[in-house]
Amino acid sequence: MGPKSNSGFYLSKKAMVLFVLLGFALLVICTVFVILYAMLRSGEAEVLPAAVAGSWGPWNHSRLPGSLTPSHYQLELWPKQVAGQDKLYFLLGQVNVTVMCREETEVILLHSLHLNYSGLTVTESSPDVTLLPTASIERMWAELENEYLVIELDSKLVPGQEYIIQANYTGYLDEKVTGLFINHYSESDLNKIIIASLLEPTHARSVYPCFDEPTMKATFDIRLVHRSQFVAISNMPAIDVSERLDKDGKWKVTTFNTSVKMSTYVTAFAICDYDYVNTTYNGIEIRVWADKASISKGEADFALNVTGPILAYFEEYYNLSYPLPKLDIMALPDYGSAAMENWGLLMFKQDSLLYHPKMKLIEKSSISAIIAHELAHQWFGNLVTMRWWNDLWLNEGFASYFENLNIAIEDTVGKLKLQYPLHLQYNVFHSETNSPSQSLTVKKEDVKTFDKIMDMFSDTTYYKGAAIIHMVSNFMTEELFAKGIRSYLKTFSYSNAVTDDVWNHLQMAIDSQDVIKLPASIKSIMDPWTMQKGVPVIRVNTLRGIITQEPYGKSAENKISTFSWFIPISWIKNGSVQPLFWLERKRKIFSKIKRTTDEEWILLNINISCLCRIIYDDSNWYQLIRQLNKDPSVIPVANRVQIINDAFELERDGYIDIKIALSATTYLAEEKHSKVWSTALMHFMRLQAAVKTTYTYGLYKKYIASKIVPFYHYQMKLINEDFNNIQIGTISIISAVLETMCLLDLKDFVDRATSLYSQLMNNPANNTIPNYIRKVIYCEAIKAGTDKEWNFAWALYLNHTSEEEDDDLLIAMSCSREPWILNRYLYYTLDDLMISPELSFVVYRSVARNVIGWPLVWNFIRSNLNVIETNSTHYFGLTSLFYILSDGLLTDFEFQEFELFLNSTSEEGKLAEDVEHVIKSRREFFNWKKKIQTDVHNWLNENVPVD
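How each quantity is defined
- Residues numbered from 1 in each chain as written.
- Predicted model: local features only at pLDDT ≥ 70, side-chain atom pairs only at ≥ 80, totals over all residues.
- Heavy atoms only, no water.
- Helix = DSSP H or I, 4+ residues; strand = E, 2+ residues; numbered from the N terminus.
- Buried < 20%, exposed > 50% of the residue type's maximum accessible area, 1.4 Å probe, protein only.
- Contact = heavy atoms within 4.5 Å.
- Areas by Shrake-Rupley, 256 points an atom, 1.4 Å probe, with all protein chains shown as cover.
- Pairing = 2+ DSSP bridges.
- Axes fitted to C-alpha atoms, helices over the stretch in contact; angles between N-to-C directions.
- Parallel < 35°, antiparallel > 145°, perpendicular 65-115°, else oblique.
- Nonpolar A, V, L, I, M, F, W, Y, C, P; charged D, E, K, R; others polar.
- Expected span 1.5 Å × (residues − 1).
- Polar contact = N/O pair within 3.5 Å; in protein donor to acceptor, adjacent residues only side chain to side chain.
- Disulfide = S-S within 2.5 Å.
- Salt bridge = Lys/Arg side-chain N within 4 Å of Asp/Glu carboxyl O.
- Core = buried A, V, L, I, M, F, W, Y, C linked by side-chain atoms within 4.5 Å.
- Phe/Tyr/Trp six-rings, centres within 6.5 Å; stacked < 30°, edge-to-face > 60°.
- Lys NZ or Arg CZ within 6 Å of the ring centre and 35° of its normal.

**Student:** Teacher, can you tell me more about the overall build of the protein chain here?
**Tutor:** Regarding its fold elements, the protein chain presents 28 helices and 29 strands. Residues classed as buried in the protein chain amount to 56% of the 947 residues present. A fraction of 71% describes how many contacts in the protein chain between residues 6 or more apart in sequence connect residues 24 or more apart. Accessible surface, the protein chain as shown: approximately 40500 Å² in total, 52% of it carbon and sulfur.

**Student:** Hey, could you run me through the sheet that holds strand β15 (residues 269-272) in this one?
**Tutor:** Spatially, β9-β10-β15-β12 is the arrangement adopted by the 4 strands of the open sheet, whose pairing is antiparallel. Edge positions in the open sheet fall to β9 (179-187) and β12 (231-234), since each of these has one partner strand only. Neighbour-to-neighbour, the strand axes of this sheet turn through a mean angle of 15 degrees, independent of strand direction. Of the pairings in the sheet, the one linking strand β10 (residues 190-198) to β15 comprises 2 bridges and is antiparallel in character. Looking at the pairing, I195 lines up with I271 of β15.

**Student:** Even after reading the chapter, I still don't get the packing of helix α8 (residues 459-476) against helix α9 (residues 478-491), so can you show me in this structure?
**Tutor:** Each pair of packed helices can be described by the angle between their axes along with the distance between the axes. Axis separation between α8 and α9 bottoms out at 6 Å; the angle between their running directions is 120 degrees. As far as their axial angle goes, α9 and α8 are oblique. Here I469, V472, S473 and M476 of α8 lie close against α9, whose contacting residues are E478, L480 and F481. A class-by-class count of the residues in the contact of α8 with α9 yields 5 nonpolar, 1 polar and 1 charged.

**Student:** Quick question: what am I supposed to make of the sheet that holds strand β6 (residues 137-143) here?
**Tutor:** Strands sit in the order β3-β7-β6 across an open sheet of 3 strands; the sheet is antiparallel. The sheet terminates laterally at β3 (105-111) and β6, the two strands that pair on one side only. Shown here is a sheet whose adjacent strand axes are inclined to one another by a mean of 20 degrees, direction ignored. Alignment of β6 against strand β7 (residues 148-157), held across 6 bridges, turns out to be antiparallel.

**Student:** Explanation requested: helix α10 (residues 499-511) in the structure shown.
**Tutor:** Helical periodicity: at 3.6 residues per turn, an α-helix aligns residues three or four positions apart in one direction. Taking 1.5 Å per residue, 13 residues should reach 18 Å; α10 reaches 19 Å between its end C-alpha atoms and fits that length. Within α10 the residues assigned to the buried category are T499, D501, V502, W503, H505, L506, Q507, A509 and I510. Its buried side turned inward, α10 meets α5 (393-402), α8, α9, β22 (495-497) and α11 (522-531).

**Student:** Sorry, what's going on with the side chain of E780 here?
**Tutor:** Secondary-structure assignment places E780 in helix α20 (residues 774-784). At a separation of 3.4 Å, a polar atom in the side chain of E780 contacts the side chain of K783. Sequence-distant contacts of E780, defined by excluding residues within four places in its chain, comprise M741, C742, D745, F749, V750 and A753.

**Student:** Help me understand the environment of I782, please; the structure alone is not making it clear to me.
**Tutor:** Secondary-structure assignment places I782 in helix α20. Residue I782 is classed as buried on the basis of its relative accessible area, which comes to 2%. The spatial distance from the C-alpha of I782 to the C-alpha of A793 is 8.3 Å, given a sequence separation of 11 residues. Apart from residues lying up to four places away in sequence, I782 is in contact with Y757, E789, W790, A793, A812, M813 and S816.

**Student:** Before we go on, may I ask you to explain the state of the cysteines in this structure?
**Tutor:** Note: disulfide means a covalent bond formed between the sulfur atoms of two cysteine side chains. Evaluation of the coordinates by the stated rule reveals 1 disulfide. The disulfide bridge from C779 ends at C815, spanning 2.0 Å between sulfur atoms. The sign of the -105 degrees torsion about the S-S bond sets the C779-C815 disulfide as left-handed. Taken together, the positions of C779 in helix α20 and C815 in the loop between α22 (803-812) and α23 (819-828) put the pair 36 residues apart, joining distant regions of the chain. Take C779 and C815: they sit in the same class, and that class is buried. Left without a disulfide partner, C610 is nearest to the cysteine sulfur of C612, which lies 3.7 Å away. Overall, the relative accessible area of 2% leaves C610 in the buried class.

**Student:** Which parts of the structure should I look at to understand the pattern of salt bridges?
**Tutor:** For side chains of opposite charge, pairing can occur when their charged atoms come near one another. The final tally for this structure, using the stated rule, is 39 salt bridges. Where E152 meets R139, a salt bridge forms, and the shortest distance between an N and an O atom there is 3.0 Å. Here E152, found in strand β7, pairs with R139, found in strand β6; they are 13 residues apart in sequence, far enough to count as distant. Taking the relative accessible area as the measure of exposure, E152 reaches 19% and is therefore buried. Between R774 and E805 there is a salt bridge whose closest N-O contact spans 3.3 Å. Separated by 31 residues along the polypeptide, R774 in helix α20 and E805 in helix α22 bring together distant segments of the chain.

**Student:** For this particular structure, what's the right way to read unusual backbone geometry?
**Tutor:** Excluding glycine, residues mostly carry a negative phi; peptide bonds, for their part, are mostly trans. Following E200, the chain continues into P201 via a peptide bond in cis, with omega recorded as 0 degrees. The residue P201 is located in the loop between β10 and β11 (219-226) in this model. Its identity is not glycine, yet N319 carries a phi of approximately 55 degrees, on the positive side. Its place among the elements puts N319 in the loop between α3 (301-318) and β18 (326-332). Positive phi, normally seen in glycine, also occurs at Y494, with a value near 60 degrees. Tracing the backbone shows Y494 in the loop between α9 and β22.

**Student:** Before we go on, may I ask you to explain the nonpolar core in this structure?
**Tutor:** What tends to happen in soluble globular proteins is that the nonpolar side chains get buried as a cluster. With 314 residues, the main nonpolar core has Y208 and Y318 as its most contacted residues. Setting aside anything within four residues of it in sequence, one finds Y208 in contact with Y73, L75, H111, L115, Y169, L199, F220, T264, T267 and F269. In terms of nonpolar packing, the next biggest core, distinct from the first, is built from 8 residues, V82, F90, L92 and V253 among them.

**Student:** Can you help me understand the packing of aromatic side chains in this one?
**Tutor:** For any pair of aromatic rings, the description rests on two quantities: the centre-to-centre distance and the angle between the ring planes. According to the stated counting rule, one finds 61 aromatic pairs in the structure shown. Pairing Y488 with F492 gives two aromatic rings, centres 5.7 Å apart and planes at 50 degrees, and the pair type is tilted. The same class applies to Y488 as to F492, namely buried. Taking NZ or CZ as reference, R63 lies 3.7 Å from the ring centre of W388, over its face. Residue placement shows R922 over the ring face of F925; its charged tip is 4.4 Å from the ring centre.

**Student:** What is the right way to look at the side chain of S352 in this model?
**Tutor:** On the secondary structure map, S352 appears in the loop between β20 (345-349) and α4 (363-376). On the accessibility criterion, S352 (12% relative accessible area) is buried.

Treat this as a map of the structure, not an account of what it does.
Here it is in structure tokens:
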């Protein structure tokens, strides 16, 4: 029982919980009634009945029948606020859909979700509609499973005749970022809203009744009704603004020009009190919209400056003009994805679009890449659309390929060119290795439900799609590839395509010339890449001249696969490029790759032109490594990246020995290219996690120092010893190198960091440290300093200058070498007035990465887990922390202790799934550490330079 109440009766805990739940339920019910009442009062909407039990018809199929196809929509949307409810809005809608009857039918199906209708008619379309009868509606009801509005008529519609379906309806808006939704934001201490849309893949049906499938393209006349202080934006330019009066006052009605023919999922609507910056590029008006404060600070200027040149680049490459007279780009406080390619009205999460000086310079590259991706969609997706979602890669794979433009800073934007990011292959193999999610294209009948459609928005679709496009452009040549793509886009403009259509047009380009010869048709070559899960690994025996292929990965499904790929093999022998050959079956004897002397070496996959990994026999591995140490420039940069990346990834997955992977790094003191170093440092970080609490760590640090210090000095010379003299393309590598310097205590860097930090301490109002290296400068200075340096950083953090600065300071303060300071820091996280629960996990993870701090965090988390769980609103931070904590485990006993602790955190279902995944993943990592420990130690002992 609970405590005695003042009223003289007792309440148990269960009773109290029940009363609370009942109260909450009543509140929800009242809110729903308020919304329904407003809808019914404003539009006299009626709730549609559900399907009659046992009824059967075309509504039982997940795809629309072909009996009716839309040609034009006249659509008016009028979002209105529910009286007395600040955050509740309902939607008044009117739509006239002109459809062509293709097959005789007495049933009309429209997609409709959470819409209620106050009036609906079906009329023949004719210049003199008064002479034609209206089709009578016998029954209208909602088929919930397939999200249809079912209209049963008393007579059949006639093939070849156009009809108009006219509907008045109501819907609703909420804060879930789908359909037509509301965003809230603050400006000058005022609470403001923006109404916007996200309709991909199947949310248009929650905004207006429609034929919500990609092939059902139509033109649109759109009107938006809104308050006078707002502006309305849609796919096309506004052509008229009028006024309307109702009982709630005066409204504006913005009418837009008739759209081009397009799919429902790229229609777009926005009503907002935003401002914009604009320009005109090749006759196209470009506007970037954002809240007024962001516009006044110039945060939209970068996006505006790069959009025109990117658009012009695509127009030239595709040989097709952007078909709309304007392009609006909008930054939203919250959005369901990084961005959406609505035709003529791109929408972005504001962090993906806006740039301000306090952001790290590298963010410019990220912003420009996302803009390029969405602009590529104006052709791949909007102009030519996949026929069904099973071929989504035709949209996303091509957009991901074409986003890779060389856009660094404004002064290089006029020299755009496609570049293939070397990390893309890593992303593909990372997502495909152990359990390939799906093939690039699947059977359309296997993609019926919303969940199955969403499954297509995967890494496979984006990364693998882009990678195989890169492969095709290489073996065809870029010139022929572009020719085929231009033909494809022109042929299917304002229409829909399937994967074979791309292959057919690329084949036409091949057939138009006699220089490039292929062993089979483009379709035969590419079908295995799109229709099969996984990616190949090639084994090369240079002693016998035998080459084989197999699916890459550890899963049984891969090992038993009978599928093989057509693989284009570009190769080098002893520094000389050899003619390309094809591996079209599982095993091939190819005597030309046989090494005839011990000094010869073979290198496959020049410039990573093919999506595959290469496993050489040990003797060829070591010959490649000897060549790297002799003269690395003989091997292309991309292949130096490939050798290091493949070696470590192949070792991780059990294909080769760790000593080969380590040996591939022995030449790095002579390496000057940042892409190679970026790859090497990524793998060194994993190795560091494995050895940082072992007796091998000292050897590891000495080895890394012997390789990276020359590269550090090389980079310092490139920037003339001045961190402000930076090019955007070198930001990532310099940041990574400096983080390694923090590990090594290099005197040159320690002196630079402490000097810069001292200047900041003397004049906190003038921070001259470039924001891209603040974290590492703070870290090094705090590590080399005392509590004085740490306390100064803490004072800066309490001032909360910006979110980016907060993260940098929180991470840097974890670098202290004083256990008492780190312990004090951990206990600060228990007070959410000092550090919020979300940012506390930044502290835990950062301190745990500190070799000194790891045992402190391990003990702190175990001692205070209940408080941490109570303060935290989510478990993502805790899960990621578990991964880092496991890095320091050395013995089976310690891992068992770790496992018991994790299982204790998931009682009553909490964290259960995440904990299971963590334990499985970290057991693999722990076993790998044990497996390689002796070999790594012995190898380092033999290869660390003598002092």
